[in-house]
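The lines below spell out each chain.
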Amino acid sequence: MPFHTVALDALPDWLGPWCADRLGDEPVRVLFAARSVSAVFGLRLAGGRDVVVKARPDEGRVSSCVAAQAQLAQRGFACPRPLTPAVAVGALAVHAEEMRSGGDPLRGDSPDVAVRCAAVFARLMRALADVDAAPPNPRWVRWDHADPGLWPRIGELDERDQRAVPAHVVDAAARVRERLLAADLPCVLGHADFEAQNLRWRRDGRVEAVHDWDSLAWQPEAALVGAACGAFASASPPTLAPVESSAAFLAAYQHHRGRGFTAREREVAWAASLWPAAHNARWEAVHGASPVCGRAVRAQAAERLRRANA
């Protein structure tokens, strides 16, 4: 999610009064702003406190995601502490969280980077194991949707010309979805947007913060790990990690969790590694964007589908 500067008087009209009501102070400076699925504002309040306010269309997910994030922060996990619950502002779900601006992104898609990220993902999944939340799944891991057709219903994509989506992307997505729907594995809570842009690292190699907790999902563990092993290197635009790096991520995750996946779980992981890239490739195609994920899907789909038995 690229960040940019915004003038104070360009903030949404509701934001200042909301901060005064919920945080006890109005913003006096915009530190950063970003917009993707969510709108994110880094703000300095009149009392000197720096906070982050997030607003996104309310799809029935945000309240449970923020509650889960609060539980993790209370236990000392490396994530921002929510300062408010999610509250409705018109059609938006809005909440504030503490500013955790330290650390730097870890760039690269090598197996060594994959292993470091997998260790964090294993700790994250262990921390979420007893958190009581089951939010509806975000669109990019919603292969189990009940909508007609291959893709979950997403108005901004569906209204565009689907003939622009390459046949190899549609074929890969269809085969992946069929394999995932046949998995018959129990679902767990996990982070479904585990990308380089959402992690910050200290100089000593430890993770400083994991962000984007409104992207929690309720899917099989192997599928969540698989999605992460494909996406861990993504920034903007998103991409798909090399196959050997995804393999290193999967192996390291199982090591740190202290449990090897079954043959079926390994297949599910490889299938899920391809779905977010196919979703992103569709987005690229219908928007006429550079086919970063489209090229990666073309290059890697055959091997990932082979490993998925799909």
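Refer to the structure presented above.
The residue count restarts for each chain, going from 1 along the sequence in the order it is written. A pLDDT threshold of at least 70 governs which residues receive local features in this predicted model, and a stricter bar of 80 or more applies before side-chain atom pairs are shown or counted, although totals over entire chains, interfaces and linings include all residues. Values shown for side chains rest on all heavy atoms present in the structure; no hydrogens or waters enter the calculation.

Asks: Help me understand the pattern of salt bridges, please; the structure alone is not making it clear to me.
Replies: Two side chains bearing opposite charge may form a pair once their charged atoms approach each other closely. By convention in these notes, a salt bridge is any Lys or Arg side-chain nitrogen within 4 Å of a carboxyl oxygen on Asp or Glu. Per the counting criterion, the structure on display carries 20 salt bridges. Note that Glu-221 and Arg-259 form a salt bridge whose closest N and O atoms lie 3.1 Å from each other. Of this pair, Glu-221 sits in helix α6 (residues 221-231) while Arg-259 is found in the loop between α7 (243-257) and α8 (263-287), placing the two residues 38 residues apart along the sequence. For Arg-259, a relative accessible area of 36% translates into the label partly exposed. The network of salt bridges with shared partners includes Glu-221, Arg-257, Arg-259 and Glu-265. Secondary structure elements are defined from DSSP: runs of H or I of at least 4 residues count as helices, runs of E of at least 2 residues count as strands, and each element is numbered from the N terminus. Burial here depends on accessible area, computed with a 1.4 Å probe over protein chains only, as a share of the maximum for the residue type. Under 20% is buried, over 50% is exposed, and the range in between is partly exposed.

Asks: Would you explain unusual backbone geometry in this entry?
Replies: Excluding glycine, residues mostly carry a negative phi; peptide bonds, for their part, are mostly trans. Put simply, Ser-236 and Pro-237 share a cis peptide bond, and its omega is 0°. Structurally, Pro-237 can be placed in the loop between α6 and α7. Residue Asp-184 is not a glycine yet carries a positive backbone phi of 55°. You can see Asp-184 is positioned in the loop between α5 (167-181) and β7 (187-191). Since its relative accessible area comes to 66%, Asp-184 is described here as exposed. In this structure, Asp-212 is a non-glycine residue whose phi angle is positive, near 65°. Here Asp-212 shows up in the loop between β9 (207-210) and β10 (216-220). We classify Asp-212 as buried; its relative accessible area is 13%.

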